[in-house]
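# Remarks on the overall topology
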Amino acid sequence: GQQVQQSPASLVLQEGENAELQCNFSTSLNSMQWFYQRPGGSLVSLFYNPSGTKHSGRLTSTTVIKERRSSLHISSSQTTDSGTYLCALDSSNTNKVVFGTGTRLQVLP
Amino acid sequence: NAGVIQTPRHKVTGKGQEATLWCEPISGHSAVFWYRQTIVQGLEFLTYFRNQAPIDDSGMPKERFSAQMPNQSHSTLKIQSTQPQDSAVYLCASSRGLGSSYEQYFGPGTRLTVL
């Protein structure tokens, strides 16, 4: 089955609202990484977060290994946040990176 | 640091032709990964190298696809007899290694269109 599940699949926000993106995984991991991708663009690393909580501006990532989940919180969303957010885990079982299916975020003005 | 470099950025081939995609990892990075991204399948792992040696190619279609890393400064992904279903964005990434301490950095991708 799918090793990495992301939710929601899509999300529409009004500018200024907050967003919580979830990534649940069914395998043990070495690391967790969150990426942002603008339509037609490459992947930009937001966080490399194997465990714990990290902050970067309006973004916060929290990975709880024993609960097999990681989250990405976006506060005070802006239209420029629109795009696809992907989580990827480096599985300790296979030493292979597995990507989630992504969350497509649209922030309306 | 120029980041991971991929060439060409766009490639259009006719059905049955060969396509070779190039990747230059970040200097000093020992692991190189190839992925394919389509709207239907999302991001799929294809293969990776560590210190130029192929480690895992379980994601590679067994026929027509091959990847090499002849030296530490570049890797190639070759697709023989391209088919329309091969159309995708092919992404290359590099990291300092494998495991818990290493972050992956992605190139801009090569958009392959097979007519």
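Residues numbered from 1 in each chain as written. Chains lettered and ligands numbered in written order. Predicted model: local features only at pLDDT ≥ 70, side-chain atom pairs only at ≥ 80, totals over all residues. Heavy atoms only, no water.

### Observations regarding the overall build of chain B
The helix and strand inventory of chain B stands at 0 helices and 11 strands. Listing every helix and strand of chain B by position from the N terminus yields β-β-β-β-β-β-β-β-β-β-β. The C-alpha radius of gyration computed for chain B amounts to 13 Å, which stays within 12% of the reference 13 Å derived for 115 residues, consistent with globular compactness. Taking the principal axes of the C-alpha coordinates as reference, chain B spans close to 40 × 30 × 30 Å. Here chain B holds 115 residues, and the buried ones make up 47% of them. (Helix = DSSP H or I, 4+ residues; strand = E, 2+ residues; numbered from the N terminus. Rg over C-alpha atoms; globule rule 2.2 N^0.38 Å. Buried < 20%, exposed > 50% of the residue type's maximum accessible area, 1.4 Å probe, protein only.)

### A short note on the packing of aromatic side chains
Describing an aromatic ring pair means giving the distance of the ring centres and the angle of the ring planes. Tallied over the full model, the rule gives 10 aromatic pairs over all chains. Considering the side-chain rings of Phe35 of chain A and Phe106 of chain B, the 5.1 Å spacing of their centres and the 85° angle between planes classify their relative orientation as edge-to-face. Taken as a pair, Phe35 of chain A in strand β4 (residues 29–37) and Phe106 of chain B in strand β10 (residues 105–106) lie in two separate chains rather than in one. The two residues Phe35 of chain A and Phe106 of chain B agree in class, both being buried. Look at Phe99 of chain A and Tyr35 of chain B: their rings are 5.2 Å apart centre to centre, the planes differ by 85°, and that puts the pair in the edge-to-face class. Here Tyr35 of chain B lies in strand β4 (residues 31–38) and Phe99 of chain A lies in strand β10 (residues 97–99), a pairing that spans two chains. The exposure classification of Phe99 of chain A matches that of Tyr35 of chain B, with both residues buried. Among the aromatic side chains, those forming a connected cluster through ring pairs are Phe35 and Phe99 of chain A together with Phe33, Tyr35, Phe45, Tyr48 and Phe106 of chain B. (Phe/Tyr/Trp six-rings, centres within 6.5 Å; stacked < 30°, edge-to-face > 60°.)

### A look at the interface of chain A and chain B
Every contact between the two is made by 17 residues of chain A and, on the other side, 19 residues of chain B. Inspection of the chain A/chain B interface yields 0 salt bridges. At the junction of chain A with chain B, the criterion picks out 3 residue pairs in polar contact (both at pLDDT 80 or more). Counting only elements with at least two residues in the side of chain A that touches chain B, the list comes to β4, β5 (43–48), β9 (83–91) and β10 of chain A. The biggest single contributor to the side of chain A that touches chain B is β4 of chain A, with 5 residues. Classifying every residue of the side of chain A that touches chain B gives 7 nonpolar, 8 polar and 2 charged. (Contact = heavy atoms within 4.5 Å. Salt bridge = Lys/Arg side-chain N within 4 Å of Asp/Glu carboxyl O. Polar contact = N/O pair within 3.5 Å; in protein donor to acceptor, adjacent residues only side chain to side chain. Nonpolar A, V, L, I, M, F, W, Y, C, P; charged D, E, K, R; others polar.)

### Structural notes on the sheet that holds strand β3 (residues 19–24) of chain B
Residues and elements named next belong to chain B. In space, the 4 strands of this open sheet follow the order β1-β3-β8-β7, with antiparallel pairing throughout. Looking at strand neighbours, the two that pair on one side only are β1 (5–7) and β7 (65–71), the edges of this open sheet. Ignoring strand direction, the axes of neighbouring strands in this sheet form an average angle of 20°. As judged from the 3 bridges shared by β1 and β3, these two strands associate in the antiparallel manner. Across the sheet, Ile5 pairs through a bridge with Glu24, a residue of β3. (Pairing = 2+ DSSP bridges. Axes fitted to C-alpha atoms, helices over the stretch in contact; angles between N-to-C directions.)

### Looking at the pairing of β3 of chain B
All names here are of chain B. Side chains Ala19, Leu21 and Cys23 project from β3 onto a buried face, and the interleaved Thr20, Trp22 and Glu24 project onto a face without burial. When β3 meets strand β8 (residues 74–79), the two strands line up antiparallel, connected through 5 bridges. Residue pairing in the sheet places Ala19 in a bridge with Ile79 of β8.

### Comments concerning the state of the cysteines
All names here are of chain B. Per the stated rule, a full pass over the model turns up 2 disulfides over all chains. The disulfide partner of Cys23 is Cys92, and the S-S distance across this bridge is 1.8 Å. Classification of the bridge connecting Cys23 and Cys92 rests on its S-S torsion, roughly -65°, and on that basis the disulfide is left-handed. Of this pair, Cys23 sits in strand β3 while Cys92 sits in strand β9 (residues 88–95), placing them 69 residues apart in sequence. Given the relative accessible area of 1%, Cys23 is considered buried. The exposure class assigned to Cys92 is buried, which follows from its relative accessible area of 0%. (Disulfide = S-S within 2.5 Å.)

Treat this as a map of the structure, not an account of what it does.
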